[in-house]
Amino acid sequence: MEPALVIWARRGVLAMLGLGAVALLFFAAATVGQFPVSLSDVARILWEGLTGLPQDVSDRARAVVMDIRVPRLASALLVGLALSAAGATYQAVFRNPLVAPDILGVTSGAGLGAVLAIFLSLPVAAIQGMAFVFGLGAVTLVYAVSRAVKGAHDPILVLVLAGVVIGAVMGAGIAVLTYLADPYDQLPAITFWLMGSLAGVTFSDLGNAWPAVALGLGPLLFLRWRVNLMSLGDDEARALGVDTERLRLILVVCATLATSSVVAIAGTIGWVGLIIPHMARFVVGPEFSRLLPATILMGSVYLLGVDTIARAATTVEIPLGVLNAFVGAPLFLWVLARARLSWR
Amino acid sequence: MPLHRRQLLGLFGGLPFAAVPGVLRAAGRRITDSAGRAVAVPDRVTKVFPAGPPASIFLYMMAPDLLAGWSRVLRGKERAGIAETYHGLPEIGRLTGRGGSANLETVMVMKPDLILDYGSVKPTYISLADRVQAQTGIPYALIDGRFDNIAKSFLTLGDLIGRPERGRACAAKAQTIIDGLAAARAAIPTADRPRVYYGRGADGLQTGAKGAINVELLGHAGAVNVADQAGEGGLTKVSLEQILGWDPDVVLTTDPNFFDLIWTHDVWKTLPAVKAGRVYLSPTVPWGWFDRPPSANRLIGLHWLLAVLYPDRFLQGLADRARDFYSFFYHLDLDADRLAMILGPGSHPGNPRKP
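Figured I'd write up the structure that's included with this text. Predicted model only: the values in this text are computed from it and were never measured. (Residues numbered from 1 in each chain as written. Chains lettered and ligands numbered in written order. Predicted model: local features only at pLDDT ≥ 70, side-chain atom pairs only at ≥ 80, totals over all residues. Heavy atoms only, no water.)

**Observations concerning the overall build of chain B**
The helix and strand inventory of chain B stands at 15 helices and 11 strands. A total of 355 residues make up chain B; the buried ones form 57% of that total. Long-range contacts, defined as pairs at least 24 residues apart, comprise 65% of the intrachain contacts of chain B with a sequence gap of at least 6. Accessible surface, chain B: about 14000 Å² in total, of which carbon and sulfur atoms supply 53%. (Helix = DSSP H or I, 4+ residues; strand = E, 2+ residues; numbered from the N terminus. Buried < 20%, exposed > 50% of the residue type's maximum accessible area, 1.4 Å probe, protein only. Contact = heavy atoms within 4.5 Å. Areas by Shrake-Rupley, 256 points an atom, 1.4 Å probe, with all protein chains shown as cover.)

Listed below in structure tokens is the structure:
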């Protein structure tokens, strides 16, 4: 056994290294974009933003960096970490590595809310609000259904099945609205929303999303040691004094809150919540108290990188959902292959 | 063999058995449609089934009494833009486009003399027309929906429905509008031609790339679409930063939500075009003037577009032109109130909502 001090010191160093890497990437990503802003101007504008010391730069450049790039980069970090942390949590709760944050219908519920708002020609704030409310509503419905039919069945199985059923109903609702939508006006907007994008994110959107994400992730970080016990199975965990039913409810509520608040501003972004926890597992192992911070770090960095390509590679935006799969799949396979080699 | 199938389908569709040979026998005229297909149409056409919203608009403009129904019924204030006689026509769905919603059997029950599609004449639509024609036994004509070909398309439709004189009148009217405006536009120095961004969707971040039918009118107005730099394509999504980089002189939209948003949004309001109040919301009653859907409704939009881009030269006369257009093509006499409602605040210079 190493002394506790050494363990804590090592953790501190690792955390500092991780945060340093994120900060470096953030700066690098802030220097690229469609609007030409020189490297030194970006640095000066960011310095001005951090310290409040006024710098001699043009207002346009300042608006581009501070009002467009910074909120977008910050939201990429937020969306990436929220989705991947939620994915890791769901995988632990359901003791299943194939589970993603949309298992309980949060994504399809949010999609239905957003599509309904677009169908009703509502403004952006209402589209985000309805996505958030419908996402939470879908999971609440799933939970209520699973409580109602629980009986003698395995509670996890019932919960997953209820999620699949409600998700299918929400998906059908999206299909109905897509079918009824004006093909020359609303249909393109619906399609673009369902592909996911951070193109229009502002500080005020971010301001709406981050408290809910913090509210969701805070308890997860505090409870992460106890989550390990759930991997033993309900009976064993209960024997060790964990109220599994209550813990599961808390974890699901937290992960759902985080997911639906970021889906509301970003649209449907699949894949991150499924893949990033696995990549983190290859690096730090399955122990949840280490897995969760690693997942958060990797998820935020990953989405920051992918979104930078999405906004900077071509004149038009590459849909985030599309790029996500094209970049994520090979990356995941590469990690998979490497991990198998090292395990041998 | 095809005859058997038609008869069988005709039977299932509720079409009287004898009517199928009747359609074929009555095919006294063969008219070539815009896709080069010879379409056999009856001598007397009394009912036409529009395959989608652009076709229903084109047909309404030409001969509203032939409409079997609306592909999409006009809702709310949109109804104020068409003659009351046609408010009550049934909603019949779309036969083409993305996800047809009309049932072939319903089409046959309605017994139209002709199915009309107005828009793209690409192979997908040609094959669709051939299939539906073979299945239902109802002649199916495709008419080119490109803005340049509006006059020619009116003539073709006139021939198809047996009303060549109305076809000629519509074609002449359309050509007069286009030519008259083209002559006036030619006098504008190249340096004065604005660079325009067309924003769609509630966030305004969807736009038509080069060659998209949604922005076809910009070229006719002598304006430059800033999104041309994104290359050829249809509707695409762009980033705010890209739009700031393009720095358009004018922003156009058809979305009232976006029109409300742009004046207060942190980033949009820093755009010089917004600061100068050069943001315009296209009229949409009964159909969009600029886009939505891209049909012959855009004829009046051309004058509107010139009026907002070059108010000194074209703003005067827009109201008279609109009244004349609605009367001739939409069968509706506009009074001052209705005209004001249709033009709406924000759709023309002189009433800019500055930040």
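**Some points on the sheet that holds strand β6 (residues 195-199) of chain B**
Sheet strands pair via backbone hydrogen bonds, and the direction of the pair is either parallel or antiparallel. Residues and elements named next belong to chain B. With parallel pairing, the 4 strands of this open sheet are ordered in space as β8-β6-β10-β11. In this open sheet, the two edge strands, each paired with only one partner strand, are β8 (224-225) and β11 (279-281). Relative to strand β10 (residues 250-253), β6 runs parallel, the two being bridged by 4 bridges. By the bridge assignment, V196 is partnered in β10 with V250. Sheet contacts for helix α12 (residues 298-309): β6, β10 and β11; angle to β10, the most-contacted strand, approximately 150 degrees. (Pairing = 2+ DSSP bridges. Axes fitted to C-alpha atoms, helices over the stretch in contact; angles between N-to-C directions.)

**Observations regarding the environment of A258 of chain A**
All names here are of chain A. Turning to its location among the elements, A258 is positioned in helix α10 (residues 244-266). According to the relative accessible area criterion, A258 is buried, its value standing at 0%. In sequence terms A258 and V115 are 143 residues apart; their C-alpha atoms lie 20 Å from each other. When near neighbours in sequence (up to four residues on either side) are disregarded, A258 contacts A82, V213 and L217.

**Looking at the sheet that holds strand β4 (residues 114-119) of chain B**
Residues and elements named next belong to chain B. The strand order across the open sheet formed by 3 strands is β3-β4-β5, and the pairing between neighbours is parallel. Two strands lie at the open edges of the sheet, namely β3 (48-50) and β5 (140-144), each paired on one side alone. Each strand of the sheet is rotated relative to its neighbour by a mean of 30 degrees, with strand direction disregarded. Sheet topology places β4 next to β5; 5 bridges connect them, and they run parallel.

**Regarding the interface of chain A and chain B**
Facing 32 residues of chain A, the contacting portion of chain B comprises 37 residues. Surface buried jointly by chain A and chain B totals about 3000 Å² across both partners, of which 61% is contributed by carbon and sulfur atoms. Here chain A is connected to chain B by 4 salt bridges. Where E241 of chain B meets R69 of chain A, a salt bridge forms, and the shortest distance between an N and an O atom there is 2.5 Å. Applying the counting criterion to the chain A and chain B interface returns 8 residue pairs in polar contact (both at pLDDT 80 or more). Elements with a minimum of two residues in the side of chain A that touches chain B: α3 (59-93), α5 (124-149) and α7 (186-195) of chain A. Of the residues assigned to the side of chain A that touches chain B, the class counts are 17 nonpolar, 7 polar and 8 charged. (Buried area = accessible area lost by both parts, 1.4 Å probe. Salt bridge = Lys/Arg side-chain N within 4 Å of Asp/Glu carboxyl O. Polar contact = N/O pair within 3.5 Å; in protein donor to acceptor, adjacent residues only side chain to side chain. Nonpolar A, V, L, I, M, F, W, Y, C, P; charged D, E, K, R; others polar.)

**Overview of the pairing of strand β2 (residues 38-41) of chain B**
The side-chain alternation of β2 of chain B yields one buried face, formed by V39 and V41 of chain B, and one unburied face, formed by A38 and A40 of chain B. If you look at the hairpin formed by strand β1 (residues 29-32) of chain B and β2 of chain B, you'll find 5 residues sitting between the two strands, and G36 of chain B has a positive phi there, around 80 degrees.

**Digging into helix α8 (residues 203-230) of chain A**
The end-to-end C-alpha separation of α8 of chain A is 38 Å, in line with the 40 Å expected for 28 residues at 1.5 Å each. Along α8 of chain A, the sharpest change in direction is near 65 degrees and occurs at R224 of chain A. (Expected span 1.5 Å × (residues − 1). Bend = angle between axes of the 7 residues up to and from the residue.)

**Quick notes on the packing of helix α14 (residues 318-329) of chain B against helix α15 (residues 336-343) of chain B**
All names here are of chain B. Following both chains from N to C, one finds α14 and α15 inclined at 105 degrees, their axes separated by 11 Å at the closest point. With respect to α15, the axis of α14 lies roughly perpendicular. Seen from α14, the contacting residues are L318, A319, A322, R323 and Y326; seen from α15, they are L339, I342 and L343. (Parallel < 35°, antiparallel > 145°, perpendicular 65-115°, else oblique.)

**Things to note about the nonpolar core**
Counting 126 residues, the largest nonpolar core has V79, F94 and L104 of chain A together with W268 of chain B as its most contacted members. The next biggest cluster of nonpolar side chains, apart from the first, holds 79 residues, and it includes L66, Y198, V285 and L318 of chain B. (Core = buried A, V, L, I, M, F, W, Y, C linked by side-chain atoms within 4.5 Å.)

**Details of the pattern of salt bridges**
Residues and elements named next belong to chain B. Considering all chains together, one arrives at 25 salt bridges over all chains under this definition. Salt-bridge contacts for E78 lead to R72; the nearest nitrogen and oxygen are separated by 3.9 Å. Taking relative accessible area as the criterion, E78 reaches 16% and is therefore assigned buried. Owing to a relative accessible area of 27%, R72 belongs among the partly exposed residues under this scheme. Among the ionic pairs, D320 bridges to R323, the shortest N-O distance being 3.1 Å.

**Here's the deal with unusual backbone geometry**
Residues and elements named next belong to chain B. Residue P286 follows V285 across a cis peptide bond; omega there is -5 degrees. By the element assignment, P286 lies in the loop between β11 and α12. With an omega of -20 degrees, the peptide bond running from R292 to P293 counts as cis. Its place among the elements puts P293 in the loop between β11 and α12. A positive phi angle is found at D247, which is not glycine, with a value near 50 degrees. A positive phi angle, near 65 degrees, is found at R292, a position not held by glycine. In this fold, R292 is placed in the loop between β11 and α12.

**Notes on the pairing of β4 of chain B**
Residue and element names in this part refer to chain B. In terms of burial, β4 is a largely internal element, 6 of the 6 residues being buried. Of the two faces of β4, both are covered, the one formed by L114, L116 and Y118 as well as the one formed by I115, D117 and G119. Across 3 bridges, the pairing between β3 and β4 is parallel. Looking at β4, one finds that V48 is bridged to L114. The handedness of the β4 to β5 crossover, carried by helix α5 (residues 123-136), is right-handed. (Right-handed = clockwise from strand over helix to strand, strands pointing away.)

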